[in-house]
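# Reading the structure
Here are the chains, one letter per residue:
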Amino acid sequence: LDGLLLHVEKPSDMQFIGQKMDKYIALQNTGEKDWPITSFDFVTIHDLHLKSRHIVDDISYDASWEGRVTLPIVALFMILLACFNYINIGVVSASGRLKEIGLRKVIGANRKKVISQFMSENLLITFIAGIIGLFLAISIFLPWFRNISEMPLKLQLLDSDLWLFLGAVLVLTGVISGLYPAYYISKFSVVNIFKGSVKLGKKNPVTKVFLGIQLV
């Protein structure tokens, strides 16, 4: 049997039925010598989709457990890779804004205000990137995944949980990618900035670590 549905009054009856099914194991193996079995297994209809891929000609469908775990892990690594890449770019590209930072400090801005400025700018950039990413997901990547997976994938744009998730991802990504560049750049003194003795990214061990992680 590929799959058999049983209706019982009490779930506890399945233990008794399972014991009575043992006598059919030998009969099953006699008829299917190439596919011997050791036992029969009963699954509630509520959990059937979790084991459907282990049933021949399964009567229900669900993605594999490995797929449900692997794809989010891959997505997490891609986000972290993008964050590390942005950190390196942010540190190096700030060399063109050193005089702006020095001028802000001269007119009274402390380190906390400089960090707040860079973090605000980074969150704005992350928000714009999120909007572009959502557009690409709906118009390009989601249809592509539907074709290769043959699954009815779709985004429920009216689902509040989706927007909570996207908001959390944007804030977390913006903070991770922007916190270190803002902290690192804001520590330079005004004197060193205007003397031109500040060199960004060349001997910074943290930047080298991020670059190494990207390569790995």
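Residues numbered from 1 in each chain as written. Predicted model: local features only at pLDDT ≥ 70, side-chain atom pairs only at ≥ 80, totals over all residues. Heavy atoms only, no water.

## A short note on the overall build of the chain
- If you tally the helices and strands in the chain, you get eight helices and zero strands.
- Counting helices and strands in the order they occur from the N terminus, the chain gives α-α-α-α-α-α-α-α.
- When burial is assessed residue by residue, the chain has 19% of its 216 residues classed as buried.
- The long-range share in the chain, meaning contacts at least 24 apart out of those at least 6 apart in sequence, stands at 58%. (Helix = DSSP H or I, 4+ residues; strand = E, 2+ residues; numbered from the N terminus. Buried < 20%, exposed > 50% of the residue type's maximum accessible area, 1.4 Å probe, protein only. Contact = heavy atoms within 4.5 Å.)

## Things to note about a nonpolar patch on the surface
- Together, Leu124, Phe127, Ile128, Ile131, Ile132, Phe135, Leu136, Ile140, Phe141, Trp144, Phe145 and Ile148 make up an exposed nonpolar region whose accessible area comes to about 1200 Å².
- For Ile140, the position within the fold is in helix α5 (residues 111–149). (Patch = residues over 30% accessible without salt bridge, like charges linked within 9 Å, V, L, I, M, F, W, Y side chains within 5 Å. Areas by Shrake-Rupley, 256 points an atom, 1.4 Å probe, with all protein chains shown as cover. Salt bridge = Lys/Arg side-chain N within 4 Å of Asp/Glu carboxyl O.)

## Brief notes about the environment of Ile115
- Following the sequence through the fold, Ile115 ends up in helix α5.
- For the pair Ile115 and Lys187, spaced 72 residues apart in sequence, the C-alpha separation works out to 9.4 Å.
- Other than its neighbours up to four places away in sequence, Ile115 contacts Ala182, Tyr183 and Ser186.

## Comments concerning the packing of aromatic side chains
- Applying the stated criterion across every chain yields a total of one aromatic pair.
- Ring centres of Trp144 and Phe145 lie 5.3 Å apart, and the angle between their planes is 65°; this geometry places the pair in the edge-to-face category. (Phe/Tyr/Trp six-rings, centres within 6.5 Å; stacked < 30°, edge-to-face > 60°.)

## Remarks on the confidence of the model for the chain
- Per-chain confidence: the chain averages 81 in pLDDT, with 89% of residues scoring 70 or above.
- Model confidence for the chain, summarised as mean pLDDT per element, is weakest for helix α7 (residues 190–195) at 72 and strongest for α5 at 88. (pLDDT = per-residue confidence, 0-100.)

## Brief notes about the packing of helix α3 (residues 65–93) against helix α8 (residues 205–215)
- Interhelical geometry of α3 versus α8 gives an angle of 145° and a closest axis separation of 9 Å. Where α3 crosses over α8, the handedness of that crossing is left-handed. Only Thr207, Phe210, Leu211, Ile213 and Gln214 of α8 make contact with α3, whose side of the interface consists of Leu81, Phe84, Asn85, Ile87, Asn88 and Val91. (Axes fitted to C-alpha atoms, helices over the stretch in contact; angles between N-to-C directions. Left-handed = near helix turned anticlockwise from the far one by under 90°.)

## Brief notes about the nonpolar core
- Ile101, Phe118, Tyr180, Tyr184 and Ile185 are the most contacted members of the largest nonpolar core, which has 16 residues in total.
- Looking at this core, the elements that each hand over two or more residues are α3, α4 (98–106), α5 and α6 (160–186).
- When residues in this core are grouped by element, the largest group, four residues, is from α6. (Core = buried A, V, L, I, M, F, W, Y, C linked by side-chain atoms within 4.5 Å.)

## Focus on the packing of α5 against α6
- Two elements in contact, α5 and α6, have axes separated by 8 Å at closest approach and are oriented at 140°. Viewed along their axes, α5 and α6 adopt a mutual orientation that is oblique. Considering only the axes of α5 and α6, their crossing is right-handed.
- Residue classes in the contact of α5 with α6 are distributed as 16 nonpolar, eight polar and one charged. (Parallel < 35°, antiparallel > 145°, perpendicular 65-115°, else oblique. Nonpolar A, V, L, I, M, F, W, Y, C, P; charged D, E, K, R; others polar.)

## Observations concerning the environment of Ile87
- Here Ile87 is to be found in helix α3.
- According to the relative accessible area criterion, Ile87 is buried, its value standing at 2%.
- Linking Ile87 and Ser177, residues 90 residues apart in sequence, is a C-alpha distance of 5.5 Å.
- Aside from chain neighbours lying at most four places away, what touches Ile87 is Ile176, Ser177, Tyr180, Pro181 and Phe210.

## Quick notes on the side chain of Asn122
- Examined against the element boundaries, Asn122 turns out to sit in helix α5.
- One polar contact links Asn122 to Ser177, side chain to side chain, over a distance of 3.0 Å.
- Apart from residues no more than four positions distant in its own chain, Asn122 is found in contact with Tyr86, Gly174, Ser177 and Gly178. (Polar contact = N/O pair within 3.5 Å; in protein donor to acceptor, adjacent residues only side chain to side chain.)

## Some words on the environment of Ala94
- Relative to the assigned elements, Ala94 resides in the loop between α3 and α4.
- For Ala94, a relative accessible area of 3% puts it in the buried group.
- Between the C-alpha atom of Ala94 and that of Ala182, which follows or precedes it by 88 residues, the distance is 9.5 Å.

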